[in-house]
Amino acid sequence: MEMQADRVELEKSDFLQPLDSEIQTWMSKAFDMALEALENGEVPVGCLMVYNNEIIGKGRNEVNETKNATRHAEMVALDQVLDWCRFREKDPKEVCEQTVLYVTVEPCIMCAAALRLLPDIPLVVYGCKNERFGGCGSVLDISSDLLPHTGTSFKCIAGYRAEEAVEMLKTFYKQENPNAPKPKVRKDLISPPDGAVVVQVKQGPQDDESETIAPLS
Ligand SMILES: [Zn+2]
């Protein structure tokens, strides 16, 4: 029984297997989104969800803009897909079963789990590996691990324009992150020259809870 279920699933994603030319077209648009993220001070990850040759959701990382660590490109796109389905009164499960996600960076653990749970997306095409948070093999393999109570596994096609995706990430991490906490200067550590009373002065952001968020795809 198990084997049969696996075989059906394999056939489902094989049926969706996009042509190289399609992958290039959609990935090019995903990279446009990633560039938009980079230009807006966000981790450069962009993605599209394509159903029946139509973009039904797209997103880029919005973590800094929204100050919400969960607003990864995939989550933004997923919300759009759900809206698209609601608006057209379509069953999200039926739509997502025939939807391919194109994303410039390997989905992180959170997004991989969301992709398994919520929409049953059978195929993800991505660019570079996500060495820090990847949920499709780099850190954990949420995409294909046997997790009987956590949605459906999905297939990945990796490596499209991977070097370019990595270069964008490097460019981002080289920039100064405007949300990073400024280094605190502790004047109380400076020895007074003449035994004077030292007032402890700390410089830095008042809101210590706005620590750097280190988001990825
Ligand atoms: Zn993610």
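Keep in mind that this is a model prediction, so the values were computed, not measured.

### Thoughts on the overall build of the protein
Counting its regular elements, the protein contains seven helices and seven strands. Sequence-ordered secondary structure for the protein, helices as α and strands as β, is α-α-β-β-α-α-α-β-α-β-β-α-β-β. For the protein, buried positions account for 39% of its 217 residues. Long-range pairs, those at least 24 residues apart, make up 66% of the contacts in the protein between residues at least 6 apart in sequence. Total accessible area computed for the protein in this model is approximately 12,400 Å², and 53% of it derives from carbon and sulfur atoms.

### Observations regarding the pairing of strand E2 (residues 54-60)
The side chains of a regular strand alternate between both faces of the sheet. Here strand E1 (residues 46-51) pairs with E2 via six bridges, running antiparallel. Note on E2: the bridge partner recorded for tyrosine 51 is glutamate 54.

### Observations regarding the pairing of E1
E1 sits mainly inside the fold: six of its six residues count as buried. Residues Gly46, Leu48 and Val50 point to one face of E1 and Cys47, Met49 and Tyr51 to the other, with burial holding for every one of them. As consecutive antiparallel partners, E1 and E2 are separated by two residues, and within that stretch asparagine 52 has a phi angle of approximately 50°, a positive value. Relative to strand E3 (residues 99-105), E1 runs antiparallel, the two sharing five bridges. When the sheet's bridge partners are listed, valine 50 is paired in E3 with valine 100.

### Details of the sheet that holds E3
The strands that make up a sheet pair up through hydrogen bonds in the backbone, lying either parallel or antiparallel. Spatially, five strands are ordered E2-E1-E3-E4-E5 in an open sheet, and the strand pairing comes out mixed. The open sheet is flanked by E2 and strand E5 (155-158), the only strands paired with a single partner. Along the sheet, successive strands turn relative to each other by an average axial angle of 20°, direction set aside. Judged from the five bridges that link them, E3 and strand E4 (residues 123-128) form a sheet pairing that is parallel. Paired with valine 100 across the bridge in E4 is leucine 123.

Rules behind the numbers
Residues numbered from 1 in each chain as written. Predicted model: local features only at pLDDT ≥ 70, side-chain atom pairs only at ≥ 80, totals over all residues. Heavy atoms only, no water. Helix = DSSP H or I, 4+ residues; strand = E, 2+ residues; numbered from the N terminus. Buried < 20%, exposed > 50% of the residue type's maximum accessible area, 1.4 Å probe, protein only. Contact = heavy atoms within 4.5 Å. Areas by Shrake-Rupley, 256 points an atom, 1.4 Å probe, with all protein chains shown as cover. Pairing = 2+ DSSP bridges. Axes fitted to C-alpha atoms, helices over the stretch in contact; angles between N-to-C directions.

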